[in-house]
Amino acid sequence: MSQNFLNYIGGQWIPARSGRTFTNLNPATGAALGEFPESGPDDLDAAVRAARAATRAWQLTPAPKRGELLYRLGALIAQKKEELARAATREMGKILLETRGDVQEGVDMAYLAAGEGRRLYGFTTPSEMPNKWAMSLRVPIGVVGVITAWNFPFAVPTWKIFPALLAGNTVVFKPSEETPEMGWHLAKLFEEVGLPAGVFNVVHGNGPNVGWPMVQHPGVDVVSFTGSNAVGTKIATEGARLGKRVSLEMGGKNGVIVMDDADISLAANAVAWGAFGTTGQRCTATSRVIVHERVHDELVKLVTQRAQALKLGDGLLEGVEMGPLVNARQLERVSGYMKVGAAEGAKVVAGGARASGEGLNSGFFFQPTVLTNVQPGMRVAQEEIFGPVVGFVKVKSLEEAIAVNNDTPFGLSSSIFTANVNAAFTAMRDLATGIVYVNHGTTGAETHLPFGGTRGTGNGHREAGHTMLDAFTEWKSVYVDFSGKVQRAQIDNN
Ligand code: NAD
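Each value, and the rule that gives it
The residue count restarts for each chain, going from 1 along the sequence in the order it is written. Local features are withheld for residues below a pLDDT of 70 in this predicted model, meaning they are given only at 70 or higher, and side-chain atom pairs are given and counted only at 80 or more; totals for whole chains, interfaces and linings count all residues. Excluded from the side-chain calculations are hydrogens and water; all other atoms, namely the structure's heavy atoms, are used. Strands are treated as partners if at least two bridges between them are detected by DSSP. Labels follow the DSSP assignment, with helices taken as runs of H or I lasting at least four residues and strands as runs of E lasting at least two, numbered in each case from the N terminus. Lines fitted to C-alpha atoms define the axes here, with helix axes fitted over just the stretch in contact, and angles between the N-to-C directions of these axes take values from 0 to 180 degrees. Residue burial is assigned from relative accessible area. The probe radius is 1.4 Å, only protein chains are included, and a residue is buried under 20% of its type maximum, exposed over 50%, and partly exposed in between. Note on terminology: near, applied to a residue and a molecule or strand, indicates that one of the residue's heavy atoms is within 4 Å of it. Distance and chemistry together define a polar contact, namely a pair of N or O atoms within 3.5 Å, with one atom able to donate a hydrogen and the other to accept it when in protein, and with adjacent residues in sequence counting only for side-chain atoms on both sides. The Shrake-Rupley method, run with a 1.4 Å probe sphere, supplies the accessible areas, and residue values consider only the shown protein chains as cover. Note on definitions: the grid is 1 Å and covers protein atoms alone; a cavity is a set of points where a 1.4 Å probe fits but cannot get out; a pocket is an open set with protein on both sides within 12 Å along at least five of seven lines; lining residues have an atom within 4 Å of a point. Grid points are joined across faces, edges and corners, and a volume is the space filled by probe spheres set on the points. Here the expected length of a helix is defined as 1.5 Å per residue gap, with one fewer gap than residues. Working definition for bend: take the seven residues up to and ending at a residue and the seven starting at it, fit an axis to each, and measure the angle between the axes.

K.L.:
Mind showing me how you'd approach the sheet that holds strand 20 (residues 435–438) here?
P.N.:
Strand pairing in a sheet relies on backbone hydrogen bonds, with the paired strands running either antiparallel or parallel. If you trace the seven strands from one edge of the open sheet to the other, you get 15-16-17-14-13-19-20, paired in mixed fashion. The open sheet has two free edges, formed respectively by strand 15 (347–350) and strand 20, since each of these has just one partner strand. Here the average twist between neighbouring strands, direction ignored, is 25°. The sheet contact formed by strand 13 (residues 254–258) and strand 19 (residues 413–417) spans four bridges and is parallel. Each residue of the ladder has a partner; that of valine 256, found in strand 19, is serine 415.

K.L.:
Help me understand unusual backbone geometry, please; the structure alone is not making it clear to me.
P.N.:
Its identity is not glycine, yet leucine 120 carries a phi of approximately 40°, on the positive side. Among the secondary structure elements, leucine 120 is positioned in the loop between helix 4 (96–116) and strand 6 (123–126). Phi angles above zero are rare outside glycine, and threonine 278 is one such case at about 55°. Locating threonine 278 in the fold gives a position in the loop between helix 9 (264–276) and strand 14 (286–292). Take threonine 278: its relative accessible area is 2%, and that puts it in the buried class.

K.L.:
Please explain the site of the ligand as it appears in this structure.
P.N.:
With respect to spatial proximity, 26 residues lie near the ligand, and among them Thr148, Glu177, Ser228, Met250 and Glu384 are the closest. Glycine 227 places a main-chain nitrogen or oxygen 3.3 Å from an oxygen atom of the ligand. In the model, an oxygen atom of the ligand is placed 2.6 Å from a nitrogen or oxygen of the serine 228 side chain. Considering the ligand on its own, with 860 Å² of exposed area, one finds that the protein chains cover 90% of that surface.

K.L.:
I'm lost on empty space enclosed by the protein in this one. Help?
P.N.:
Vacant regions in the atomic arrangement are exposed by a probe of water-molecule size rolled over the atoms. Following the criterion strictly, the structure yields four cavities of 30 Å³ or more and no others. Of the volumes computed, that of the largest cavity is approximately 70 Å³. Surrounding the largest cavity, 14 residues form its lining, Gly280, Ala285, Ser287, Ile385 and Phe386 being those nearest its centre.

K.L.:
When you look at helix 1 (residues 41–60) in this model, what are you seeing that I'm missing?
P.N.:
The end-to-end C-alpha separation of helix 1 is 29 Å, in line with the 28 Å expected for 20 residues at 1.5 Å each. In the structure, helix 1 departs most strongly from a straight axis at alanine 54, where the bend amounts to approximately 40°. Among the residues of helix 1, Asp43, Leu44, Ala46, Ala47, Val48, Ala50, Ala51, Ala54, Thr55 and Trp58 are the ones counted as buried.

K.L.:
Would you mind going over the sheet that holds strand 6 with me for this structure?
P.N.:
On the basis of which strands lie adjacent, the open sheet formed by three strands has the order 6-7-22 and antiparallel pairing. Strand pairing shows two members of the sheet lacking a second neighbour, strand 6 and strand 22 (473–481), which therefore form its edges. With direction set aside, neighbouring strand axes in the sheet form an average angle of 20°. Across four bridges, strand 6 lies against strand 7 (residues 132–140) in antiparallel orientation. In the strand pairing of strand 7, phenylalanine 123 is matched with serine 136.

None of this, on its own, says anything about what the molecule does.
Given below as structure tokens:
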């Protein structure tokens, strides 16, 4: 029997005011997992009011105390890791090995943000005047609206919510409608560690009915968004009109460069993991291999072998290596790109179609796919496919490889496989992405380094790492004059 889940507003568990619900489905089996509130602007408004009401007391709670709460939360997540990972696999589809990693990222982020509670450093600096003190400090902004995608249903919300709360903001969270249960779990966990009512609120529902009203709501000061470029740029435009701070994490078209001196077997394993892990539905997924012509055929052969050997199925089952796509729309989108690729002249050397067979027919499974003959300007080399599809582009030199890598609308992650230190450092300098890997695939970011990308991937912000508080704080400069005189800066000392 499927369970009824509720919104979490002002510390209360409540249904949508309309009484309507939507069904959360398991993409591997088609089974119904639960009913969630199909909320609207009035539910969102109630949550924003609850968050605003809680702001003052939360800001006045000492930052180390806010940090301790996150520390306790991290310990609780660690304790419930397996239960949470299973729930994430059920609703999102990726295999347990990966959802365990997704949940672990939440633990890491909780501890990282908790530690910030005893740092939250500002700057002191000498004043240009005698008997005057000068400093600058971070202050919270107010209410943060969080809108996220479904592919990292636990980790991505934590990158935003934990730093926002640590900094002294309150939060209204709209989880993806594809993975609402992980948002519900997060609220349960916060309730269990005793976060004060209203500091964290969850409103379930879709983009137009909850996400967009959140962007427009005058009580929301910051919007932190992870999702597609199309939605993100729309939010940024509206945010600019309303004078709000908007932080965007959007798509990727990540490339792995493989030079002719590389360890080809290592590169093949990294490409297979980067392209087919999470069924290719990572913002950092490897979707292009930019390979030196001398090792092209060998690499294609190895990656094809790995693609064809992958065991597909329900991610909860032992031995399964790749789960389904998240929904019918994704299946249609990825299938559509096969036609686009064929029309452009790309050649399918592995996969290329919906997967069928025992255990696969009720889910949204797609075969791990390898495309060759891909030219840099083709749509399959420029647009985010967001499925288990990798295209090979042949190049003649490092210079050409770097130029091909940089020539897409996105700039999240890139990588180079080479044994040549000069080539590695050239790539580190010239690859125009927010994340660069050497002898490692395009996925695998760690929480204590800044995360984000250039061009169409973002709008200049970086999540996590030492930059994690930037989107969620303002700088306040404070001058204290103890001279007992009116001291005029730039005038009296010149
Ligand atoms: P999406 O843009 O369709 O949806 C993202 C979120 O926005 C969802 O919660 C959705 O309900 C909401 N939304 C949709 N329309 C809205 C509107 N008009 N106003 C406000 N909110 C709205 O993206 P998706 O399909 O959920 O996720 C896939 C995308 O996310 C890919 O492009 C992927 O690269 C990107 N992604 C990026 C990162 C990163 O950190 N760079 C991480 C994960 C995913």
